[in-house]
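A structural walkthrough
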Amino acid sequence: METARSSERTRTAAERRRRELLEAADRVVLRDGPQASMNAIAAEAGITKPILYRHFGDKGGLYRALAKRHTDALLSALRAALDAPAERRARVEATLDTYLAAIEARPQVYRFLMHPADGAGDTAEAAPSAEPGFDVGRHSAPLLRRLGEELGQVIVEQVDLGPDSEQMARIWGHGIVGMMHAAGDWWLADRPCSRERLVSSLADLLWGRLAEAGDRDVKGGPGF
């Protein structure tokens, strides 16, 4: 019994320490964006880099932990917008706006998650003393796929798209995420229009068959 309690305390302490390290990493990412380095994160957390590696394995492990943390929060916000008691068009616009508001509020986090650091990487040309930033380009695609699968699941649960509803919902889920990502990336860089104008224009693009599709009988919540 005592061994079990000791094991539980150790696990709880490790989880708490991991959260603290992720919070330190978040502070560095907010400051440095894609240029965030393991050296800077370890310094922010008041530990040595080997201890940071012990918790996350490598840069990829830390990136995946941060990506999950932020993707979980974004998915929760998107689901809340989709499930709000409002007309379908209003919920589509609220969902688009939720995504754009999130990347606008924390652009450095967005750039860290979606863009590799300029010139970063373990190359022969890099200065020996330089700590490269996170090469996140190879990690962003799985993150977008997760968003696409989650959105497709929401659509298949709430919208009747006919005989091939499940496959169509997955296609739409990934297509909508791709559209939001590409349009949001362009908009965040140049701000060529207001967020409201972008939301309205993207909703117009989506509004063809979605406006005509029937709702499923969803217990405990609105249709899509």
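Please refer to the structure higher up on the page.
Here is a short report on the structure shown in this document. (Residues numbered from 1 in each chain as written. Predicted model: local features only at pLDDT ≥ 70, side-chain atom pairs only at ≥ 80, totals over all residues. Heavy atoms only, no water.)

Considering the pattern of salt bridges
Scanning all chains against the criterion turns up 13 salt bridges. A salt bridge links Asp 204 to Arg 89; the shortest N-O distance between them is 2.8 Å. You can see Asp 204 sitting in helix α9 (residues 195-212) and its partner Arg 89 sitting in helix α5 (residues 88-105), a full 115 residues away along the chain. Residue classification places Asp 204 among the partly exposed residues on the basis of a relative accessible area of 48%. One salt bridge in this structure joins Arg 191 and Glu 104, with 3.3 Å as the shortest N-O distance. (Salt bridge = Lys/Arg side-chain N within 4 Å of Asp/Glu carboxyl O. Helix = DSSP H or I, 4+ residues; strand = E, 2+ residues; numbered from the N terminus. Buried < 20%, exposed > 50% of the residue type's maximum accessible area, 1.4 Å probe, protein only.)

Comments concerning helix α4 (residues 59-83)
With 25 residues, α4 ought to run about 36 Å at 1.5 Å a step, and its terminal C-alpha atoms sit 36 Å apart, in line with that. Measuring from the backbone nitrogen of Gly 60 back to the side-chain oxygen at the start of α4 gives 3.1 Å, which picks out Asp 58 as the cap. (Expected span 1.5 Å × (residues − 1). Polar contact = N/O pair within 3.5 Å; in protein donor to acceptor, adjacent residues only side chain to side chain.)

Quick look at the layout of surface pockets
Estimates place the volume of the largest pocket at around 300 Å³. Around the largest pocket sit 14 residues that line it, and His 70, Leu 74, Ala 102, Val 109 and Leu 113 are the ones nearest its centre. Those elements that provide at least two residues to the lining of the largest pocket are α4, α5, α6 (107-114) and α7 (137-158). Taken together, the residues of the lining of the largest pocket sort by class into 11 nonpolar, 2 polar and 1 charged. (1 Å grid on protein atoms, 1.4 Å probe; cavity = no way out; pocket = protein on both sides within 12 Å on 5 of 7 lines; lining within 4 Å. Points joined across faces, edges and corners; volume = space filled by probe spheres on them. Nonpolar A, V, L, I, M, F, W, Y, C, P; charged D, E, K, R; others polar.)

By themselves, these are just geometric observations and shouldn't be taken as functional.
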